[in-house]
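Here is how the chains run, residue by residue.
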Amino acid sequence: MAKQPKTKSPETGADARAPSDDPDFILHSLQEQFEANKSFDASDDQMLEFYRQMLLIRRFEERAGQLYGLGLIGGFCHLYIGQEAVAIGLQSALDNDRDSVITGYRDHGHMLAYGLDPKVIMAELTGREAGISKGKGGSMHMFSTEHKFYGGHGIVGAQVPLGGGLALAHQYRDDGGICLAYFGDGAANQGQVYETFNMAALWNLPIVFVVEDNQYAMGTATKRSSAETRFYRRGTAFRIPGMEVNGMDVLEVRAAAEIAFKHVREGKGPVLMELNTYRYRGHSMSDPAKYRTREEVQDQRDHHDPIERLKATLVEAGHTEDDLKTIDKDIRKQVSEAADFAENSPEPEPCELYTDVLVEKY
């Protein structure tokens, strides 16, 4: 065993040594526990609800893409198509009365997964007064303190330290809540992410860090931009256990969520989850996605689609194609109503430019 280097303390002149490590410390990976049972034992009703919620996100995002093409949605618009199992698998395991969620600018799916009304989300996308942020946030900056959904953040990785603050608030108030902080593989190389890892581990904060690894960040494959492409291992230096999860399987995601959330709720500190997923559209609506082939995208759709995967499970359980088509028909009607509501809602009054600029009450 190598000897620790000795130095002289400038104040006392006595020998100073680096602090000894805890000899009993082991980074207890939650992966081993997860590997023992990687599929959530969902009831029939739960599976149908997961299917309905994922379909709602898919159809909503498809309609949002159409409205963007018609010029009814301005600015940037980042669609969640392909990643539905991540938001539904994780957020279905949260306690909506206690827990908080914060994410980046690919946020529509996360809001829908939290049970928010599609009408007010679509109204926000189209910049209408009835929107969740009064039409002033748009696609990237949705917010609802009432539902403990704290954005929707346009600066890459900026939501992670804010999530640390939300977790600190849960701890300070002793309300039993945890914070779910999403970020992408592109944001995973931001310095502020690791500063937050360090503080969360030091203070034993109730937070689950979720890397939605959709493989391409803003347009560069992870293997070209990241020296360590297995993001769940990046918490090791901070003694944060990690989990690697198939983000295209909603039952696997929910199984992982059960383990991770239990760990955090028991006061054992933060967890880092890597959800391997895939976005079918470009980074935003303005991205032609020429950095990958059409064949690659089609292969993901044909063999890994999270909705089709769950649909096959439901058919095996005895549900007919007609049953599932009826659900899809109902979802399409709901999305059409949301789009009509948005298009027929008024835009904010000019005086709204001067509201919500400063916090007036504490």
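Residues numbered from 1 in each chain as written. Predicted model: local features only at pLDDT ≥ 70, side-chain atom pairs only at ≥ 80, totals over all residues. Heavy atoms only, no water.

Participant: What's the story with the environment of Asn 204 in this structure? I'm lost.
Facilitator: Locating Asn 204 in the fold gives a position in the loop between helix H7 (191-202) and strand S5 (207-213). The class of Asn 204 is partly exposed, set by a relative accessible area of 35%. With 36 residues separating them along the chain, Asn 204 and Ile 240 place their C-alpha atoms 9.9 Å apart. (Helix = DSSP H or I, 4+ residues; strand = E, 2+ residues; numbered from the N terminus. Buried < 20%, exposed > 50% of the residue type's maximum accessible area, 1.4 Å probe, protein only.)

Participant: Would you take a moment to explain H7 for this structure?
Facilitator: Residues spaced three or four apart along an α-helix face the same direction, because each turn holds 3.6 residues. When the terminal C-alpha atoms of H7 are compared, their 17 Å separation across 12 residues agrees well with the 16 Å that a helix rising 1.5 Å per residue should span. Buried residues of H7: Val 193, Thr 196, Phe 197 and Ala 200, and no others. Summarising the axial view, the buried residues of H7 lie within an arc of 105 degrees, below the 170-degree limit, and thus occupy one face. Summarising the geometry of H7, the exposed residues directed more than 90 degrees from the buried face are Glu 195 and Leu 202. At the C-terminal side of H7, Asn 204 shows a positive phi close to 55 degrees. (Expected span 1.5 Å × (residues − 1). Arc of directions from axis to C-beta.)

Participant: Quick question: what am I supposed to make of the side chain of Thr 222 here?
Facilitator: Among the secondary structure elements, Thr 222 is positioned in helix H8 (residues 222-225). Its relative accessible area of 9% is what places Thr 222 among the buried residues. When residues no more than four places from it in sequence are discounted, the contact partners of Thr 222 are Asp 185, Asp 213, Gln 215, Thr 229 and Phe 231. (Contact = heavy atoms within 4.5 Å.)

It is worth stressing that arrangement in space is one thing and function is another; only the former is reported here.
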